[in-house]
Amino acid sequence: MKIVKKIAIALLVVLVGMQFFRPEKNQAEGDYVAAFVAETQPSPEVQGILKSACYDCHSANTNYPWYSNVAPISYWLADHIEEGKEHLDFSDWANYTDKKKDHKLEELVEEVKEGEMPLNEYTWTHADARLTQEQITALLTWAQETRKKY
């Protein structure tokens, strides 16, 4: 029983220590998706969908919930955001080639159609990110039309 107690104390010390070393926050100043919006011209409805369901993990600015300040959740969120931006970063849209823009929109269509995006873990705590069939249709229609530019 002593070893279990020592392990529990060690884990508690590590957990408390983690609270003092937090991952960097993903927060930008200004209009971080201006180039993307100007080029792709989403309707106000689609802009709202992108803002509520996509930008937190796929742009340079995340709106963090209160629990993002608690480790190990803070590390888990930072990892999700980093991975999301690796796949698609709306804030970096101006630096993508036309071919890459087309591919990113193709992936967006595929992921949304398959129900892979937004992630279930995200929609559990962000009810406004749960897309209705009408929102999915609007988003897919916009993305498929926008792909024709590239």
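Small disclaimer: the values here were computed from a predicted structure and weren't measured.

Topic: the side chain of N61
Next, step 1: The residue N61 is located in the loop between helix 4 (55–58) and helix 5 (73–87) in this model.
Next, step 2: Separated by 3.2 Å, the side chain of N61 and the backbone nitrogen of A28 make a polar contact.

Digging into the pattern of salt bridges
Next, step 1: Here the structure, examined in full by the defined rule, presents four salt bridges.
Next, step 2: One salt bridge in this structure joins E107 and K104, with 3.9 Å as the shortest N-O distance. Here the residue E107 and the residue K104 both occupy positions in helix 6 (residues 98–113), the gap between them amounting to three residues, near one helical turn.
Next, step 3: For E107, a relative accessible area of 30% corresponds to the partly exposed category.
Next, step 4: Look at K104 and you get buried, because its relative accessible area is 9%.
Next, step 5: Residues E145 and K148 are paired through a salt bridge, measuring 2.9 Å at the closest nitrogen-oxygen approach.

Section: the nonpolar core
Next, step 1: Counting 25 residues, the largest nonpolar core has F36, L50, F90, L108, L139 and W142 as its most contacted members.
Next, step 2: Among the elements of the structure, helix 3 (44–53), helix 6 and helix 8 (133–147) are those that each provide at least two residues to this core.
Next, step 3: Those residues in contact with L108, other than ones at most four positions away along the chain, are L88, F90, L139 and A143.

Calculation rules
Residues numbered from 1 in each chain as written. Predicted model: local features only at pLDDT ≥ 70, side-chain atom pairs only at ≥ 80, totals over all residues. Heavy atoms only, no water. Helix = DSSP H or I, 4+ residues; strand = E, 2+ residues; numbered from the N terminus. Polar contact = N/O pair within 3.5 Å; in protein donor to acceptor, adjacent residues only side chain to side chain. Salt bridge = Lys/Arg side-chain N within 4 Å of Asp/Glu carboxyl O. Buried < 20%, exposed > 50% of the residue type's maximum accessible area, 1.4 Å probe, protein only. Core = buried A, V, L, I, M, F, W, Y, C linked by side-chain atoms within 4.5 Å. Contact = heavy atoms within 4.5 Å.

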